[in-house]
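Results of the structural survey
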Amino acid sequence: MIELHLDKTAIAVGDMLSGTLVWNGVQSQNKPKKGTLTARWRTEGRGTHDRQIIQELPLDPEALISSQGLPLPFSIQIPYDGPITYNGALIRILWELEAVIEMPGLFAKKDKQTWPIQVICR
């Protein structure tokens, strides 16, 4: 199970998104193969859908194992050119943070969680 704790609930464009990630692995003999923390925005609604990954942070498998249940700090720069979070009648702009931890094996599960982020103007 993955938990995320953000320092601020609303982040202005150009600011640092920071917080901690906590992973409670299933069993100690199962070491994760790889992990990533991704900040991105996407659009919903009418017209063509768009999406962009702002930053993808690799999560070190050894650090995940050694800190099981303990917080791992992270920080991601939100770009000045936005876009900001928007919820309109025809279009929505949504920001989200996604953590994925992959276990080894052909049919192994991925531990995956997504959290919404609110990006506001300065």
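This text gives an overview of the structure that appears in the document. (Residues numbered from 1 in each chain as written. Predicted model: local features only at pLDDT ≥ 70, side-chain atom pairs only at ≥ 80, totals over all residues. Heavy atoms only, no water.)

Describing the pattern of salt bridges
- A full pass over the atoms with the stated rule returns nine salt bridges.
- Between E102 and K33 there is a salt bridge, and its shortest N-O distance comes to 3.9 Å. With E102 in strand β8 (residues 91-102) and K33 in the loop between β3 (16-23) and β4 (34-45), this residue pair connects regions lying 69 residues apart in the sequence.
- Judged by relative accessible area, which is 18%, E102 ranks as buried.
- Across the salt bridge formed by R92 and E44, the nearest N and O atoms sit 3.2 Å from each other. (Salt bridge = Lys/Arg side-chain N within 4 Å of Asp/Glu carboxyl O. Helix = DSSP H or I, 4+ residues; strand = E, 2+ residues; numbered from the N terminus. Buried < 20%, exposed > 50% of the residue type's maximum accessible area, 1.4 Å probe, protein only.)

Here we look at the side chain of E98
- You can see E98 is positioned in strand β8.
- In this structure E98 comes out as buried when scored by relative accessible area, which is 11%.
- When residues no more than four places from it in sequence are discounted, the contact partners of E98 are T36, L37, T38, R40, K112, Q113 and T114. (Contact = heavy atoms within 4.5 Å.)

A look at a nonpolar patch on the surface
- Among the surface-exposed residues, Y86, L90 and I91 lie close enough to one another that they form a single nonpolar patch of about 290 Å² accessible area.
- In this fold, L90 is placed in the loop between β7 (86-87) and β8.
- Among the residues examined, L90 registers a relative accessible area of 54% and is labelled exposed. (Patch = residues over 30% accessible without salt bridge, like charges linked within 9 Å, V, L, I, M, F, W, Y side chains within 5 Å. Areas by Shrake-Rupley, 256 points an atom, 1.4 Å probe, with all protein chains shown as cover.)

A short note on the nonpolar core
- Residues L17, L21, L37, F74 and L97 are the most contacted members of the largest nonpolar core, which totals 25 residues.
- Residue assignment for this core shows that the elements contributing at least two residues are β1 (2-6), β3, β4, β5 (51-59), β6 (72-77), β8 and β9 (110-120).
- Among the elements that line this core, the one with the most residues is β8, at five residues.
- When residues no more than four places from it in sequence are discounted, the contact partners of L21 are I2, E3, L4, L37, L59, L64, L70, P71, L72, F74 and A99. (Core = buried A, V, L, I, M, F, W, Y, C linked by side-chain atoms within 4.5 Å.)

Considering the environment of R42
- Topologically, R42 is positioned in strand β4.
- R42 has contacts with D50, R51, R92, I93, L94 and E96, leaving out every residue within four places of it along the chain.
- For R42, the side chain forms a polar contact with the side chain of E44, separated by 2.6 Å.
- In this structure the side chain of R42 is engaged in a polar contact, spanning 3.2 Å, whose partner is the side chain of E96. (Polar contact = N/O pair within 3.5 Å; in protein donor to acceptor, adjacent residues only side chain to side chain.)

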